[in-house]
Amino acid sequence: MDSTPPSRSRPADAPWLPLAGLLLLAAGLRVLFYSGYFGSDEVTYTESAFKLLRGDWSVSSYVGANRYGVNLPVAAIAALLGRNEVAAALYSVACSLAEIALVVVIGSQMVGRRAACFAGLVLATLPMHAHLAGRLLADSPLALAITAGFLLFWLGEARGSRPALFAAGLAVGWSFWIKPAAVFYVLVLMSYPVVFRRWSWRWSWVVAGFALMVLANCALFWALTGRFWYLFEVMSARRSSGYLQEEFAAGNQHEAAWYYLEYLYAKVWHTWLLGPLALAGAVLVLWRARAAEAVRAHGLHFALWWGAGLMLVLSLFVVSTRPLTLVPKQTNYMLMFAAPLALLAGCALASLRGRAFGLAVLAWTVPAVLLCGLLQGTITVFTANAKAVHRWAAERPQAVVYATTNPYRYAQFHATVHPEARPPDVRFVGDLAPRAAAAARPPRPAGEAYAVIDEETLSWGSGEPYRRLADVPACWVPQGTLPPVVAGGGPALAAGVARLVPPDSPWAGRLRRLHQPAPAHLYRVPAGC
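Residues numbered from 1 in each chain as written. Predicted model: local features only at pLDDT ≥ 70, side-chain atom pairs only at ≥ 80, totals over all residues. Heavy atoms only, no water.

**Points about the overall build of the protein**
Part 1: Of regular secondary structure, the protein possesses 22 helices and seven strands.
Part 2: Computed over its C-alpha atoms, the radius of gyration of the protein comes to 25 Å, within 12% of the 24 Å expected for a compact globule of 529 residues.
Part 3: Over its C-alpha atoms, taken along the principal directions, the protein stretches across nearly 80 × 65 × 50 Å.
Part 4: When the 529 residues of the protein are sorted by exposure, 54% land in the buried category.
Part 5: Across the protein, every contact between residues at least 6 apart in sequence was considered, and the portion connecting residues at least 24 apart equals 79%.
Part 6: Entry remark: accessible area of the protein is about 23,000 Å², with carbon and sulfur atoms responsible for 63%.
Part 7: Looking at charge distribution, the protein has the averaged site of its 43 positive side-chain charges lying 7 Å from that of its 27 negative ones. (Helix = DSSP H or I, 4+ residues; strand = E, 2+ residues; numbered from the N terminus. Rg over C-alpha atoms; globule rule 2.2 N^0.38 Å. Buried < 20%, exposed > 50% of the residue type's maximum accessible area, 1.4 Å probe, protein only. Contact = heavy atoms within 4.5 Å. Areas by Shrake-Rupley, 256 points an atom, 1.4 Å probe, with all protein chains shown as cover. Lys, Arg positive; Asp, Glu negative; His and termini not counted. Charge placed at Lys NZ, Arg CZ, Asp CG, Glu CD.)

In C-alpha cells form, the structure reads like this:
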C-alpha cells in the first residue's frame, strides 16, 4: 500500500445530528429486542461482578470469572443502580452504542462523513450487533476496545497525536482486561509498518499504553493471589488441559478456516448483507483511493487493512501445533471485525445515488431489523421454560423443584439480579438421578417434590441425566406441562411472519421454533421414589 505518511489532518466537524438519530435507532432496537438471560457466561459474569459489591474479591480458577474488564464496570454500575438486571446489562448496551459513536465520529475523518454515517446505520441495525448488546456477555465491550484501539491509532497517525496513540494503547490494553486470550489480534497492528511501509517512534506511545494496562492487570492479580503471572498460569493450564478438543467435539467451537466466510456470505442471519456490501466497499477502496487526497486515501486503505487483517488472523491463527489447531471460532466472535466491515459497507452505500441508493438502504434495513427480532426469539424461546419453572416454583414456596440445567441456571441468575426476593427452591434434577453409591445422592428435603424436564433445552446441558422423556423414573407422576413465558418483540414478530407462510412450508416449522418452545413436562416425585 501507499507508503506516503498521512498529512496532518485538521479535526473535522462530526455529524452530530445524524449520530444522534443513529444512536436513538440503535438504542430502540437494543431495548425492543433485548435477550438477557441465556444460561452461559452471563451468569458467571453477573455473579462475579456482584460478589465484588459484597467485598468478596476471591479469585476463581475459571478464567471466565476473572475478566475484570467486564466485572469491574458492571460492579461499578450496580453500586450506583443496585443489583438488578438493568445494572448487569447496561455495560454491554453502552459499549455497543459507544462503538457506533466512535465509528461515526472518527470514521467521518477516515472515510468521509457520508460513508461513516452509513457505517453507523449498518452497525445500529446489524443483527448480531443489536443482539449481543443485550446478552450481558464480553462481546460488546471487547468489540468496543478493539475498535477504539484501531480508530485511535489511525487518528494518532493522521494527526501526529501522541495522546491519541497512547489512548490507542490503553484501549488495546483494556481488551486484555476483558478477554486476554483474544489479544493475539494485535498481530494485525504489528503488521502496520510492513503493509504501509512506514515507521515512527511515536508508536512507542501505543506500546506504553498497552504495557501499562497489562501490568496493571497483573498487579491486580498479584494483590489478590500473591502471584504476578497468575492469569497467564491459569490460561496456560487451561490450554494444556485439552479443553479446545473437547469444545470442538461438542460443537461449541469451530475450527474451519472458512467459518466466518460462510456466515458472511451464506448463513447470513447474523450479518445480513454485511459481507457482500463490505466486499463491494473493498473494491471501491482499491479503485478510488488513488484519486483521494492523502488523509482520505490512507483512511480508506486503513479500513481495508483493518478488516481484512482481523478476518485473516481470527480465521488462520494457529493456537497449537500438536495437533495442528486453528483458532476456535463462534458466530459472536465476528463482532470483533464488524466495525471495519461496516466502514467498507458504508463506502459502498455512500457511492450510490438516486433510486439505487434508496433500494439498497431499504434492502439492508428492513430485513436487518427483522433478523434482530428473530435472533431475540432464538434466546427468549430457548429460555421460556426456564422462566416458567421459576414462576411456578415461586408460587409454591414450600415445594422443592428439581429441574434440568437451564431452568436451574436461571434460578441462580434470578437470585443474583433480584437479591431482595425470596428465591424458590430449584435444584438440579441430577440430584434425583441414580448414583453409583447411594451415599452420594444429596438428602431430599421434607415437603412436596416436583421435577421438570424441559424439552427445549434438554440437549444443551452437558451433564443432563435424562436425555429423553422415556428415561425418567417410572415412579414419577405426570402433572402436565408448564405454560412457557415467552417475552420480547422478536417472538411476536416471528409469529406474525409465520401467519403469512403456508402451513406446509419448511419455513413454517422454522418460524414456529422462534415463537413457540418445546414443552416443559412437570412431574410429582413421591417420597421414596
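Don't stop here, the text continues.
**Structural notes on unusual backbone geometry**
Part 1: Despite not being glycine, leucine 136 shows a phi value in the positive range, around 60°.
Part 2: With respect to the helices and strands, the residue leucine 136 is situated in the loop between α6 (127–133) and α7 (139–159).
Part 3: You can call leucine 136 buried: its relative accessible area is 4%.
Part 4: Phi at tryptophan 272 is positive, roughly 50°, even though this residue is not glycine.

**So, the pattern of salt bridges**
Part 1: Enumeration according to the criterion identifies six salt bridges in this entry.
Part 2: Close ionic contact of glutamate 262 with lysine 267 constitutes a salt bridge, the shortest N to O distance being 3.1 Å.
Part 3: When its relative accessible area of 29% is taken as the criterion, lysine 267 is described as partly exposed.
Part 4: The partner of arginine 468 in a salt bridge is aspartate 471, with the nearest N and O atoms 2.9 Å apart. (Salt bridge = Lys/Arg side-chain N within 4 Å of Asp/Glu carboxyl O.)

**Structural notes on the packing of helix α2 (residues 41–53) against helix α3 (residues 68–81)**
Part 1: It is the contact of α2 with α3, at a shortest axis distance of 8 Å, that shows an interaxial angle of 55°. Relative to α3, the element α2 lies oblique. Crossing geometry of α2 relative to α3 is assigned as right-handed. Contacts between α2 and α3 involve Tyr45, Ser48, Ala49, Phe50, Leu52 and Leu53 from the first element and Tyr68, Val70, Asn71, Leu72, Val74, Ala75, Ala78 and Ala79 from the second.
Part 2: Residue classes in the contact of α2 with α3 are distributed as 12 nonpolar, two polar and no charged. (Axes fitted to C-alpha atoms, helices over the stretch in contact; angles between N-to-C directions. Parallel < 35°, antiparallel > 145°, perpendicular 65-115°, else oblique. Left-handed = near helix turned anticlockwise from the far one by under 90°. Nonpolar A, V, L, I, M, F, W, Y, C, P; charged D, E, K, R; others polar.)

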